[in-house]
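# Architecture and fold: a report
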Amino acid sequence: MENTINFETCDRCSLCIAVCPYEIFEKDESGQIFLNPEKIEFCVKCGHCMAICKSKSITIEGLSYDNNFYDLLETNIDSDSFINFLANRRSIRNFKDKEIPKEILNKIIDATSFAPYGVSPKDPMITVVQNKEIIEKALLLMSNFYEDLVKWIKNPISRYMIKRGINQETFNTITHHIVPAAKTGHYNTKSGNDNISRSAPVIMIFHANKGAEEHTNNAIICVTYAMLATHSFGLGTTIIGLIPPAINKVKELKELFQIPEENEAVMSLILGYPKYKYKRTIKREKREINWI
Ligand SMILES: Cc1cc2nc3c(=O)[nH]c(=O)nc-3n(C[C@H](O)[C@H](O)[C@H](O)COP(=O)(O)O)c2cc1C
């Protein structure tokens, strides 16, 4: 299939021209809308043209009105309810020993498809881990990785190599936050404590091809959508930044989670039914704002 406009049904309203972010649609002298062949390669398949077209006259390769679109509800959530919904979300680190039905997990993953994305709508891929044996094996590997990290940071040569191989932000997180906690045995799961995945019944790993454009930003937004969608089902989550670096550095772990070799893990999310109910939320200090 290719990108087409059905000239018989197109009413030349020009809304596709107005909404296309890459000016792929143009009008000829007779008023007929056409796709500029030189610009069509810039199409990121955002679907705005198909979503706005009253007569469903546009077809973008890979998208179909039947499979990829549905009519929007007239009513939207009011802002008070939405802000209340955000305020009620807490990071949940204590879970009931209860499985999440696959139907709900699928709905959560489907909700991530509404997320904005830079360049490729297919990034990132999501791996859903529910197998307890695999999680147990993975925790041991992660625990060892964080123990090793403490040793590597202590040694001036390996510390220097680590610093050279990663950005300042990650190095600071490691040295200011992760290593001090790891030194106390916080991430040591051998004693039965799980301060990494918090005994959650489900771990989602968001990963993408290492070279894929904007994949890091896409994954962070995607995990945020998954977190909020999960919250809407009365379930709890925590974004876990500790899991991806271990996956990317420990080959066995990457294989255990069946992450393709060419992919890197960007973010992870633990999910489950919350064991406790919070009585209040927190109102943090106002952010610094610069009104210009
Ligand atoms: C990028 C990122 C990484 C995080 N990594 C972890 C983590 O590895 N372990 C953890 O327990 N919480 C992690 N969190 C959760 C935060 O610690 C949590 O959001 C914070 O404690 C505030 O609590 P709240 O989410 O309930 O407001 C992470 C959050 C973000 C945004």
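Moving on: the domain arrangement of the chain. Domain boundaries in the chain define domain 1 (4-68) and domain 2 (77-279). The distance between the C-alpha centroids of domain 1 and domain 2 comes to 38 Å.

Every residue close to the ligand is listed here: Arg89, Arg90, Ser91, Arg93, Arg198, Thr238, Ile239, Ile240, Gly241, Leu242, Met267 and Arg284. A distance of 3.1 Å is found between an oxygen atom of the ligand and a side-chain nitrogen or oxygen belonging to Arg90. Note that an oxygen atom of the ligand is positioned 2.5 Å from one of the side-chain N or O atoms of Ser91. Coverage of the ligand by the protein chains reaches 61% of its 620 Å² of free accessible surface. Looking at the shell around the ligand residue by residue, the classes come out as four nonpolar, three polar and five charged.

With their axes 8 Å apart at the nearest point, helix α7 (residues 156-165) and helix α8 (residues 168-183) run at an angle of 140 degrees to one another. Accordingly, the angle class assigned to the pair α7 and α8 is oblique. Where α7 abuts α8, its residues Arg159, Ile162 and Lys163 lie against Gln168, Phe171 and Thr175.

Let us look at the pattern of salt bridges. Overall, the coordinates contain six salt bridges when judged by the stated rule. Lys107 is the partner of Glu103 in a salt bridge, and the nearest nitrogen-oxygen pair spans 3.8 Å. Taken together, the residues span about one helical turn, with Glu103 and Lys107 both in helix α5 (residues 102-111) at a distance of four residues. A residue is classified by how much of its surface remains accessible, and Glu103, at 56% relative accessible area, is exposed. A salt bridge links Lys251 to Glu255; its shortest N-O distance comes to 3.3 Å. In this pair, Lys251 and Glu255 are both assigned in helix α11 (residues 251-256), four residues apart and thus about one turn of the helix distant. Side by side, Lys251 and Glu255 carry an identical accessibility label, which is exposed.

Strand order across the open sheet formed by four strands is β5-β6-β8-β7, with antiparallel pairing between neighbours. This sheet does not close on itself; its edge strands, each paired only once, are β5 (125-129) and β7 (236-240). Direction aside, the axes of adjacent strands within the sheet are offset by 25 degrees on average. The sheet contact formed by β7 and strand β8 (residues 263-272) spans five bridges and is antiparallel. Opposite Thr238, over in β8, you have Ile270 as the bridge partner. Here α5 sits on the sheet in contact with β5, β6 (202-209) and β8, set at roughly 35 degrees to β6.

Residues Tyr70, Phe114, Ile221 and Tyr225 make up a contiguous nonpolar surface patch of roughly 430 Å² in combined accessible area. Inspection of the secondary structure puts Ile221 in helix α9 (residues 215-232). With relative accessibility at 31%, the residue Ile221 sits in the partly exposed group.

On the surface, Lys154, Arg159, Lys163 and Lys183 cluster together into a positively charged patch. Structurally, Lys183 is set in helix α8. Residue class for Lys183 comes out exposed when judged on its relative accessible area of 58%.

As a further point, take unusual backbone geometry. One non-glycine residue, Arg12, lies in the positive phi region at around 60 degrees. Mapped onto the elements, Arg12 comes out in the loop between β1 (4-5) and α1 (15-19). A residue is classified by how much of its surface remains accessible, and Arg12, at 35% relative accessible area, is partly exposed. In this structure, Lys45 is a non-glycine residue whose phi angle is positive, near 55 degrees.

All chains considered together, the criterion is met by six aromatic pairs. Aromatic pair Tyr65 and Phe69: ring centres 5.6 Å apart, planes at 40 degrees, arrangement tilted. Centroid distance Phe145 to Tyr146: 4.9 Å. Interplanar angle 75 degrees. Geometry classified as edge-to-face. You'll find Phe145 and Tyr146 in the same group, each marked buried. By the ring-pair criterion, three or more aromatic residues cluster together here, those being Phe145, Tyr146, Trp152 and Tyr187.

Parameters at a glance
- Residues numbered from 1 in each chain as written.
- Predicted model: local features only at pLDDT ≥ 70, side-chain atom pairs only at ≥ 80, totals over all residues.
- Heavy atoms only, no water.
- Domains from an automatic or database assignment.
- Near = heavy atom within 4 Å.
- Polar contact = N/O pair within 3.5 Å; in protein donor to acceptor, adjacent residues only side chain to side chain.
- Areas by Shrake-Rupley, 256 points an atom, 1.4 Å probe, with all protein chains shown as cover.
- Nonpolar A, V, L, I, M, F, W, Y, C, P; charged D, E, K, R; others polar.
- Axes fitted to C-alpha atoms, helices over the stretch in contact; angles between N-to-C directions.
- Helix = DSSP H or I, 4+ residues; strand = E, 2+ residues; numbered from the N terminus.
- Parallel < 35°, antiparallel > 145°, perpendicular 65-115°, else oblique.
- Contact = heavy atoms within 4.5 Å.
- Salt bridge = Lys/Arg side-chain N within 4 Å of Asp/Glu carboxyl O.
- Buried < 20%, exposed > 50% of the residue type's maximum accessible area, 1.4 Å probe, protein only.
- Pairing = 2+ DSSP bridges.
- Patch = residues over 30% accessible without salt bridge, like charges linked within 9 Å, V, L, I, M, F, W, Y side chains within 5 Å.
- Lys, Arg positive; Asp, Glu negative; His and termini not counted.
- Charge placed at Lys NZ, Arg CZ, Asp CG, Glu CD.
- Phe/Tyr/Trp six-rings, centres within 6.5 Å; stacked < 30°, edge-to-face > 60°.

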